[in-house]
Amino acid sequence: MIKILILAGGYSKEREISIKTAKSVFNELNNDKNYNIKVTNPDGQFVKVLRKFKPNAVLNLLHGRYGEDGYIQAILESEKVKYTHSGVLSSSLAIDKELSKKIFIKNNILTPKYLKYTYRDNKNKLKLINNLKKKIGFPLVIKPLNEGSSVNVFICNRYNFFKTLRKLIDYGEVLIEKYIPGREIQVAILADEVLGAIELKPTRKFYDYEAKYNPKARTEHIIPVRLSKNKYQELIKIALKAHKILKCRGVTRSDFRYYKNSFYLLETNTQPGMTSLSLVPEIAKFNNITFKNLIKKILKDASINK
Ligand SMILES: Nc1ncnc2c1ncn2[C@@H]1O[C@H](COP(=O)(O)OP(=O)(O)O)[C@@H](O)[C@H]1O
Ligand SMILES: [Mg+2]
């Protein structure tokens, strides 16, 4: 009997999604006699729960702060327990959109031009606008440095720029990025191998929270992606490179914009959505890997590598 402790919930804005994911995974594994599954929302009692249950592996289904940024991974390391997905360092780097972009640039991976904006240091509006016009150009995207699910990601032009910027003031600092028109393509990697890619065609202005999670938003999922063989090879090579330079483990999903023959990497997600309707499971399914087998592969990877 393999004891698996599923981590779900957490404290980020993606809490509900994580709980939904845990439910689908629990349903898949719980009717399998080989598994003894327990689901927990890691809180102050987490270490106690961990020591009592003594899992063979922890299946991390958390997203965002504390679950995807190296915090929970550090606790799991110190408890010497095997766990799925990326480790402490990769998680901390990948969740930070500024640091990961710096690493991408250093490694010749194309990513949209950007500026980090700190609210308390920037008082001169005219100077900021001129700087943005010179370095980035409008329209542009304002986004938090370490959020997910398109939460608080805004596209804006010169005229609604300050109004939009004010919406994110509580973050203290944000990323201001060049808006890349074109297509939205995402690539899944599992255990250092390419699982596949998918294109998303939102009916909304962009691939925002609604487009991601509300079926009524009717985002079109295109798989296989419509790219020439050469372009597809180029794309998956970049995704694999990003996964490797960030030293990720298990599953990652890299988000790209494709414009004028170039792929722009927005981010690499170390805890990508894993509800049975999420993109990584969809890509896996297209490759004849059932949701259950995908989870099994993720668990296997956790045991092999640690
Ligand atoms: N620079 C950009 N140009 C065009 N669209 C963008 C840009 N940045 C973000 N977006 C849109 O917003 C979505 C979410 O942005 P992303 O950087 O992936 O953050 P999150 O962690 O919230 O997924 C993207 O999938 C894309 O549709
Ligand atoms: Mg994204």
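Rules of the game
Residues numbered from 1 in each chain as written. Chains lettered and ligands numbered in written order. Predicted model: local features only at pLDDT ≥ 70, side-chain atom pairs only at ≥ 80, totals over all residues. Heavy atoms only, no water. Helix = DSSP H or I, 4+ residues; strand = E, 2+ residues; numbered from the N terminus. Rg over C-alpha atoms; globule rule 2.2 N^0.38 Å. Buried < 20%, exposed > 50% of the residue type's maximum accessible area, 1.4 Å probe, protein only. Contact = heavy atoms within 4.5 Å. Areas by Shrake-Rupley, 256 points an atom, 1.4 Å probe, with all protein chains shown as cover. Lys, Arg positive; Asp, Glu negative; His and termini not counted. Charge placed at Lys NZ, Arg CZ, Asp CG, Glu CD. Phe/Tyr/Trp six-rings, centres within 6.5 Å; stacked < 30°, edge-to-face > 60°. Near = heavy atom within 4 Å. Polar contact = N/O pair within 3.5 Å; in protein donor to acceptor, adjacent residues only side chain to side chain. Nonpolar A, V, L, I, M, F, W, Y, C, P; charged D, E, K, R; others polar. Patch = residues over 30% accessible without salt bridge, like charges linked within 9 Å, V, L, I, M, F, W, Y side chains within 5 Å. Salt bridge = Lys/Arg side-chain N within 4 Å of Asp/Glu carboxyl O. Core = buried A, V, L, I, M, F, W, Y, C linked by side-chain atoms within 4.5 Å. Domains from an automatic or database assignment. Pairing = 2+ DSSP bridges. Axes fitted to C-alpha atoms, helices over the stretch in contact; angles between N-to-C directions.

Now, about the overall build of the protein chain: what can you tell me, with residues and values included?
Within the protein chain, the secondary structure is distributed over 11 helices and 12 strands. The C-alpha radius of gyration of the protein chain comes to 20 Å, within 12% of the 19 Å expected for a compact globule of 306 residues. Projected onto the principal axes, the alpha-carbon positions of the protein chain cover approximately 65 × 45 × 40 Å. The 306 residues of the protein chain split such that 53% are buried. The contacts of the protein chain with a sequence gap of at least 6 include a subset with a gap of at least 24, amounting to 66%. Just so you have it, the protein chain exposes about 15400 Å², and 51% of that area is on carbon and sulfur atoms. Positive and negative side-chain charges of the protein chain, numbering 57 and 28 respectively, have mean locations separated by a distance of 3 Å.

How would you explain the packing of aromatic side chains if you had to name every residue and give the values?
Summed over the entire model, instances satisfying the criterion amount to eight aromatic pairs. Residues Tyr11 and Tyr66 carry aromatic rings whose centres are separated by 6.0 Å and whose planes lie at 90° to one another, so their mutual orientation is edge-to-face. Of this pair, Tyr11 sits in the loop between strand S1 (2–7) and helix H1 (15–30) while Tyr66 is found in the loop between strand S3 (57–60) and helix H3 (71–78), placing the two residues 55 residues apart along the sequence. A relative accessible area of 53% means that Tyr11 is categorised as exposed. Their ring planes at 85° and their centres at 4.9 Å tell us that Tyr117 and Tyr119 sit as a pair that is edge-to-face.

Report on the site of ligand 1, specifying residues and quantitative values.
Neighbouring residues of ligand 1: 21 residues in total, closest Lys97, Lys143, Ser150, Lys178 and Glu184. Within the side chain of Asp255, one N or O atom sits 3.3 Å away from an oxygen atom of ligand 1. Put simply, the parts of the chain that give the shell around ligand 1 at least two residues each are strand S5 (140–144), strand S7 (173–178), strand S11 (251–259) and strand S12 (262–269). Across the shell around ligand 1, the residue classes break down as eight nonpolar, three polar and 10 charged.

If you had to explain a positive patch on the surface to someone new, which residues and values would you point to?
Together, Lys125, Lys163, Arg166 and Lys167 line one region of the surface with positive charge. Top element by residues in the positive patch is helix H7 (residues 161–167). It accounts for three residues. Take Lys167: it is sitting in helix H7.

Could you give me a rundown of the nonpolar core, with the residues and numbers involved?
Counting residues in each nonpolar core, the largest one holds 30 residues, and the members touching the most others are Ile4, Ile6, Val25, Leu59, Leu195, Leu294 and Ile295. Of all the elements in the fold, those that place two or more residues in this core are S1, H1, strand S2 (35–40), S3, strand S8 (183–190), strand S9 (193–201), helix H10 (279–286) and helix H11 (291–304). At five residues, the largest contribution of residues to this core is made by H11. Mapping this core onto the domain boundaries places at least three of its residues in each of domain 1 (2–84) and domain 2 (94–109 + 182–299). Residues within four places of Leu294 in sequence aside, it is in contact with Leu190, Leu195, Met274, Val280, Pro281, Ala284 and Ile289.

Quick rundown of the sheet that holds S3? Include the residues and the values.
Here three strands make up an open sheet; going across it, the order is S2-S1-S3 and the pairing parallel. Sheet topology places S2 and S3 at the edges, where each strand pairs with a single neighbour. On average, adjacent strands in this sheet sit at an angle of 25° to one another, irrespective of strand direction. Two strands pair when backbone bridges link them, and S1 and S3 are joined in this way by four bridges, in the parallel orientation. Looking across to S3, one finds that Leu7 is bridged to Asn60. Relative to S1, helix H2 (residues 46–53) is tilted by about 165°, and along the sheet it contacts S1, S2 and S3.

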